[in-house]
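# Summary of structural features
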Amino acid sequence: MGTLGALSVAVGGVGVARYGAPWAPAGVPGAATVAAPRGLMEPETLRSTNGLLRVNLVAGEQEVVLAGRRARALSYNGRVPGQTWRVRPGDRIEVSLENRLGSPTNLHTHGLHVSPKGTSDNALLSIGPSETFDYRFDVPADHPTGVFWYHPHRHGHVADQIFGGLYGTILVEDEDVPGARERVLVISDISLTRTGEVRGASAAERMMGREGDLVLVNGQLEPTITARPGQRERWRVVNACTSRYLRLALPGQQMQLLGIDSGHEATPRDVDEVLLAPGNRADLLVRMQAGTTELGTLGHDRGGPMMGMMSGQSPSGPRTLARLVVQGDGTDEPQPAARRPADPDLRQSKPDRRREITFTMGGHGGMGAMMALGFDGLPFDADRIDQSVATGSVEEWTIRNPTPMDHPFHLHVWPMQVIEVNGASSAEPVWRDVVNVPARGEAVVRIRFASFSGRTVYHCHILDHEDAGMMGTVEASPR
């Protein structure tokens with residue numbers, strides 16, 4: 001077992017959980033349907049005890065139920081999504097990862113501010129088929145609470161393995177919203193063949209960033225959520241799609257935003273919609289109003305690749321995700337106010353250094369061939385250090401996107417405070433670990449390289465783009 005060296009792009013195996021709606025998706029005949037509840041099923045939960053969460057995690061391909069039909073896909077422990085891990089600041093997470101795939105893999109705790117070295121969130125590890133690796137993640141005592149997630153990050157295999165079903169939620173718990181009923185909603189997409197196999201992506205789909213035919217919530221197709229009028233629910237939403245943007249809306253309901261990624265709203269903010277780029281998470285508070293409505297994504301125009309590379313698809317279009325039925329006796333339970341911690345603000349002092357980073361999409365080959373993707377004109381090289389930073393420093397990065405499509409920028413380990421996007425700024429501190437950089441636009445972020453030294457990566461979270469080279473390395477060292 002070693003660090004990541006030469007690239008190889010191979011489609012790995014696939015596995016998934018026994019959740020699903022009881023009908024086969026329209027237009028996808030063939031595989032047997034399965035009698036399954038229409039009601040929303042939530043992932044099994046694992047909680048830390050006495051400051052420790054131990055997980056045996058098996059990544060493999062097997063028969064599971066997705067969208068109400070039998071499928072052969074990828075899964076963690078036979079579930080899609082994987083189990084939800086609930087921890088608290090200061091806890092330790094120990095994971096024994098067994099690779100039963102036909103391709104190498106590893107594990108990324110997306111959004112957690114933990115060490116990038118050794119057996120922690122080391123994106124450059126490669127765990128081969130039939131190998132087992134023991135991880136240890138120490139969550140700092142002052143870690144932000146919120147919604148995070150785990151998934152593979154072995155370069156060259158990331159998109160195939162996540163698209164195939166390898167993902168799960170991490171909740172760093174708090175007591176900020178007392179009295180609210182919690183739900184975990186993992187939104188993903190996948191394409192299945194008539195016989196229930198995961199369909200691979202064409203070169204054109206990879207260039208655009210693949211989007212699945214089926215958009216699922218906890219592995220189900222348009223499940224039904226039931227609630228009582230007046231009830232208050234906290235929805236923890238993960239966008240686990242490889243490329244699809246989600247513009248979430250819940251017409252007729254009172255929806256408030258508590259936070260996105262590790263960022264917290266100063267006070268719960270009323271919203272009609274919330275945009276989540278691939279990899280983003282939302283913490284939502286919903287006060288139920290009587291009636292029936294749909295949780296949907298309104299669609300987002302994320303642009304397209306260069307001329308001659310169009311795939312013919314309509315990316316990130318509108319979809320129904322779930323149905324919400326609110327009926328029965330209302331509740332007059334008291335609704336205590338949400339208590340939100342204040343987020344830090346790095347705008348009050350001058351950064352130690354400024355630098356610019358630019359997405360690259362260059363012409364390469366003939367019609368239908370994959371373009372050359374990278375940053376600053378260079379494709380990913382695990383042995384090259386692209387950005388050297390000093391631990392403890394604060395840097396301002398201007399991330400430029402001269403391409404004709406949006407790119408979500410993700411930095412491992414260290415969260416980013418968004419200073420402005422295309423010149424527009426926010427009055428309150430905005431913290432993200434995935435920042436959408438609009439087509440032919442730019443985003444300015446500030447980063448405090450606190451707590452940890454070591455080498456990790458930044459990349460486009462359209463995961464086909466990452467696998468094709470749109471990733472760079474950053475190494476933090478003592479001054």
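You'll find the structure just up there.
All figures in this text were calculated on a predicted structure; none of them were measured in a lab.

Below, the discussion takes up the pattern of salt bridges. All told, the structure shown has 39 salt bridges when counted by the stated rule. As a salt-bridge pair, Glu211 and Arg302 come within 2.9 Å of each other at their nearest N and O atoms. Of this pair, Glu211 sits in the loop between helix 2 (203–208) and strand 13 (214–217) while Arg302 is found in the loop between strand 21 (291–297) and strand 22 (319–326), placing the two residues 91 residues apart along the sequence. With a relative accessible area of 8%, Glu211 lands in the buried category. On the basis of relative accessible area, Arg302 is assigned to the buried category, the value being 0%.

A separate point is the sheet that holds strand 6 (residues 92–100). Spatially, four strands are ordered 4-3-6-9 in an open sheet, and the strand pairing comes out mixed. Each edge of the sheet is formed by a strand with only one pairing partner; in this case those strands are strand 4 (69–76) and strand 9 (132–138). Across this sheet, the average inter-strand angle for adjacent strands is 30°, counted without regard to direction. Sheet topology places strand 3 (residues 52–66) next to strand 6; seven bridges connect them, and they run parallel.

Take the side chain of His410 next. Note on placement: His410 falls in strand 27 (residues 407–411). Within the structure, the side chain of His410 is placed 3.3 Å from the side chain of His108, a separation counted as a polar contact. A distance of 2.7 Å separates the side chain of His410 from the backbone oxygen of Asp433, its partner in a polar contact. In this view, His410 contacts His108, His110, Asp433, Val434, Val457, Tyr458, His459 and His461; residues no more than four positions away in its chain are not counted.

The rules behind the values
- Residues numbered from 1 in each chain as written.
- Predicted model: local features only at pLDDT ≥ 70, side-chain atom pairs only at ≥ 80, totals over all residues.
- Heavy atoms only, no water.
- Salt bridge = Lys/Arg side-chain N within 4 Å of Asp/Glu carboxyl O.
- Helix = DSSP H or I, 4+ residues; strand = E, 2+ residues; numbered from the N terminus.
- Buried < 20%, exposed > 50% of the residue type's maximum accessible area, 1.4 Å probe, protein only.
- Pairing = 2+ DSSP bridges.
- Axes fitted to C-alpha atoms, helices over the stretch in contact; angles between N-to-C directions.
- Polar contact = N/O pair within 3.5 Å; in protein donor to acceptor, adjacent residues only side chain to side chain.
- Contact = heavy atoms within 4.5 Å.

Worth remembering: the numbers are spatial, not functional.
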